[in-house]
Amino acid sequence: MLAQMLFMQPPVPALPTSLNFHGKTVLVTGANSGLGRAACLHYLQRNVSTLIITVRRASEGEAVKAELLAHPDVKNEPKILVFELDLSSHSSVIAFASKLRAEVDCLHIALLNAGVFLLDWKVSPHTQNEMTFQVNYLSNAILSLLLLPLLRATAEANSLLAPSYLSIVASQKYNESRYIANPIPESTTIFDAFNDEKGSQPWLLYADSKLLVRLFVKELAKHVDPSTVIINCMCPGMVKTNLARNLSFPLRLAGRLVLSVRARSPEVGSRVLVNATGGAGKESHGEMLVVYQVLPVIPWIESKEGERMQTSLWRETVEEAEKNASEASVAASSKVS
Ligand SMILES: NC(=O)c1ccc[n+]([C@@H]2O[C@H](COP(=O)([O-])OP(=O)(O)OC[C@H]3O[C@@H](n4cnc5c(N)ncnc54)[C@H](OP(=O)(O)O)[C@@H]3O)[C@@H](O)[C@H]2O)c1
């Protein structure tokens with residue numbers, strides 16, 4: 001009991017009853033597990049019209065779709081589209097974005113949730129980039145740039161009566177990144193620093209990748225008018241999911257003990273995700289939300305070093321996106337709207 005009181009996270013209020021997704025097309029990546037699957041259920045319970053879910057294996061997507069549709073709270077026969085997306089591969093990200101643009105004519109909300117937690121050095125066989133960097137940061141950033149034109153067009157087609165949302169699942173753990181105490185020197189690119197196996201500290205890969213997400217959201221927001229698309233990120237707190245699945249058995253066991261005392265359920269944690277994509281307003285543009293409130297950035301983010309990293313990250317990311325996707329679509333997304 002004492003342990004529970006000491007380690008308890010603040011409660012997450014129920015989602016506002018006014019939150020309704022009728023008429024909206026919503027994308028959730030990583031929908032087959034944990035927070036993504038729970039977020040899908042919230043959207044369905046709030047009358048979403050078209051839900052687009054992504055998974056790595058199509059067969060798994062069909063199973064999740066059937067399970068979601070069979071839920072007793074899901075009544076209005078929503079359309080659920082299943083798409084394959086593997087964030088370890090640029091070509092999968094680009095193919096997904098093209099297929100989406102070809103198959104849907106509007107997108108009101110993109111909730112980029114998929115992510116990994118690894119404690120080992122692993123390289124994507126597709127891009128040769130370190131895996132946590134590739135999945136948690138780079139692919140989500142490129143996908144954001146590729147989805148922005150559709151999100152923008154959707155708000156504009158609706159006479160800007162309501163902005164679209166581009167929301168990325170981040171983590172407060174970003175403030176544990178090693179680059180805060182030891183900034184990447186100007187002579188090294190951020191991408192090279194993240195791909196340097198010799199200098200790596202695998203137990204910090206996750207925090208490091210989430211620092212990049214935080215900086216990217218802050219920078220991207222500067223390029224987009226929040227009357228058109230609100231760009232934000234959020235931290236769901238500690239949540240009991242499959243995120244630790246890649247760790248060794250003893251670490252998973254220890255993790256399970258901590259989770260059993262302290263963690264939120266996916267249903268509760270995913271309220272933070274869903275609220276960021278409708279309950280939150282322009283005050284959240286470029287910000288991180290925690291339990292429905294904007295969490296001020298740590299001072300380092302606004303320091304000279306933090307701003308230098310943010311600017312370099314933006315330049316390197318847009319260059320990488322342009323190298324891999326059609327230059328026109330990336331350039332259109334990265335200009336101020
Ligand atoms: N749980 C927490 O305490 C916590 C706290 C803060 C932030 N988060 C963030 O919340 C998000 C969701 O995580 P979760 O806790 O719900 O964990 P989870 O249950 O492990 O779900 C992760 C999802 O991401 C997908 N994914 C992993 N690698 C992928 C790849 N290469 N390409 C495409 N999809 C991939 C997984 O698909 P597969 O099943 O195919 O692997 C799964 O659907 C992550 O971004 C995580 O960093 C979690």
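Every value quoted in this text rests on a predicted model; they were computed, and no experiment measured them.

Caption draft 1: Highlighting unusual backbone geometry. You will see that Asn-47, though not glycine, has its phi angle at about 65°, which is positive. Topologically, Asn-47 is positioned in the loop between α2 (34–45) and β2 (50–55). Phi at Tyr-292 is positive, roughly 70°, even though this residue is not glycine. Tracing the backbone shows Tyr-292 in the loop between β7 (288–290) and β8 (293–295).

Caption draft 2: Inspection of the site of the ligand at higher detail. Taken together, the neighbourhood of the ligand is formed by 28 residues, with Asn-32, Ser-33, Arg-56, Tyr-206 and Arg-245 sitting nearest. At 2.8 Å from an oxygen atom of the ligand is found a main-chain nitrogen or oxygen belonging to Asn-113. Here an oxygen atom of the ligand and a side-chain polar atom of Lys-210 are 2.9 Å apart. In isolation the ligand has 890 Å² of accessible area, and contact with the protein removes 95% of it. Where the shell around the ligand is concerned, the elements lending two or more residues are α2 and α8 (205–222). A class-by-class count of the residues in the shell around the ligand yields 13 nonpolar, 10 polar and five charged.

Caption draft 3: Just the packing of α2 against helix α10 (residues 266–276), in detail. Their axes nearest at 8 Å, the elements α2 and α10 cross at an angle of 70°. When the axis of α2 is compared with that of α10, the two are roughly perpendicular. Together, Gly-34, Leu-35, Ala-38, Ala-39, His-42 and Tyr-43 of α2 and Pro-266, Glu-267, Gly-269, Ser-270, Arg-271, Leu-273 and Val-274 of α10 make up the contact between the two elements. Across the contact of α2 with α10, the residue classes break down as seven nonpolar, four polar and two charged.

Caption draft 4: Spotlight on the side chain of Ser-89. Within the secondary structure, Ser-89 sits in the loop between β3 (79–84) and α4 (90–103). A polar contact is formed between the side chain of Ser-89 and the side chain of Ser-91, at a distance of 3.1 Å. Among the polar contacts made by the side chain of Ser-89, one reaches the main-chain amide nitrogen of Ser-92 at a distance of 2.9 Å. Ignoring anything within four residues of it in the chain, the contact list for Ser-89 reads His-126 and Thr-127.

What counts, and at which threshold
- Residues numbered from 1 in each chain as written.
- Predicted model: local features only at pLDDT ≥ 70, side-chain atom pairs only at ≥ 80, totals over all residues.
- Heavy atoms only, no water.
- Helix = DSSP H or I, 4+ residues; strand = E, 2+ residues; numbered from the N terminus.
- Near = heavy atom within 4 Å.
- Polar contact = N/O pair within 3.5 Å; in protein donor to acceptor, adjacent residues only side chain to side chain.
- Areas by Shrake-Rupley, 256 points an atom, 1.4 Å probe, with all protein chains shown as cover.
- Nonpolar A, V, L, I, M, F, W, Y, C, P; charged D, E, K, R; others polar.
- Axes fitted to C-alpha atoms, helices over the stretch in contact; angles between N-to-C directions.
- Parallel < 35°, antiparallel > 145°, perpendicular 65-115°, else oblique.
- Contact = heavy atoms within 4.5 Å.

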